[in-house]
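# Inside the fold
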Amino acid sequence: MERKNISSGTPWEPIVGYSRAVRAGNTVSVSGTTATGPDGKIVGVGDAHAQTVQTIRNIEAALAQAGASLADVVRTRIFVTNIAEWEKVGRAHGEFFGGIRPATSMVEVSQLISPEMLVEIEADAIVGSKD
């Protein structure tokens, strides 16, 4: 089975030893992704909905590099720093995945790597799994 590592080019990938996404055969796993914009700054500081939207756009870009799309996603894992914001996060997730309906979970964590980050999402996809 062929393996392809997808990089976003951040300086952290070689230091921490991870890839933005990995495709092995028809399976793609996307690492924990946040609302980082192209300039390296957090998009939507203080806004859980905006951060979730940007995070999913970043996941979509990583999937595209791996030859997949959001329609191929079968599982997401959502980490939030304030579970009271679950509806804002869930609404944004539903805007992208409402028709796809992957398995998911949402859990509260004490903090993410930057205090500005409110949401982090992982995604797994199987290329060709869409209806």
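Here the structure is shown first, and the text comes after it.
Turning next to the overall build of the protein chain. Secondary structure assignment for the protein chain yields three helices and six strands. Looking at the protein chain as a whole, 36% of its 131 residues qualify as buried. A fraction of 68% describes how many contacts in the protein chain between residues 6 or more apart in sequence connect residues 24 or more apart. As presented, the protein chain carries roughly 7,200 Å² of accessible surface, and 53% of it is formed by carbon and sulfur atoms. Charged side chains in the protein chain number 12 positive and 15 negative. The centres of these two groups are separated by 4 Å.

Attention now moves to a nonpolar patch on the surface. On the surface, a cluster of nonpolar side chains totalling about 380 Å² of accessible area is made up of Trp12, Ile15 and Val16. With a relative accessible area of 54%, Trp12 lands in the exposed category.

This brings us to the layout of surface pockets. The space that makes up the largest pocket amounts to roughly 780 Å³. For the largest pocket, the lining is made up of 26 residues, of which Thr10, Tyr18, Arg20, Thr34 and Thr36 are closest to its centre. Of all elements in the fold, only α1 (12–16), β3 (27–33) and α2 (48–65) reach the threshold of two or more residues within the lining of the largest pocket. Examining the composition of the lining of the largest pocket, we find that five residues originate from one element, α2, more than from any other.

Rules of the game
Residues numbered from 1 in each chain as written. Predicted model: local features only at pLDDT ≥ 70, side-chain atom pairs only at ≥ 80, totals over all residues. Heavy atoms only, no water. Helix = DSSP H or I, 4+ residues; strand = E, 2+ residues; numbered from the N terminus. Buried < 20%, exposed > 50% of the residue type's maximum accessible area, 1.4 Å probe, protein only. Contact = heavy atoms within 4.5 Å. Areas by Shrake-Rupley, 256 points an atom, 1.4 Å probe, with all protein chains shown as cover. Lys, Arg positive; Asp, Glu negative; His and termini not counted. Charge placed at Lys NZ, Arg CZ, Asp CG, Glu CD. Patch = residues over 30% accessible without salt bridge, like charges linked within 9 Å, V, L, I, M, F, W, Y side chains within 5 Å. Salt bridge = Lys/Arg side-chain N within 4 Å of Asp/Glu carboxyl O. 1 Å grid on protein atoms, 1.4 Å probe; cavity = no way out; pocket = protein on both sides within 12 Å on 5 of 7 lines; lining within 4 Å. Points joined across faces, edges and corners; volume = space filled by probe spheres on them.

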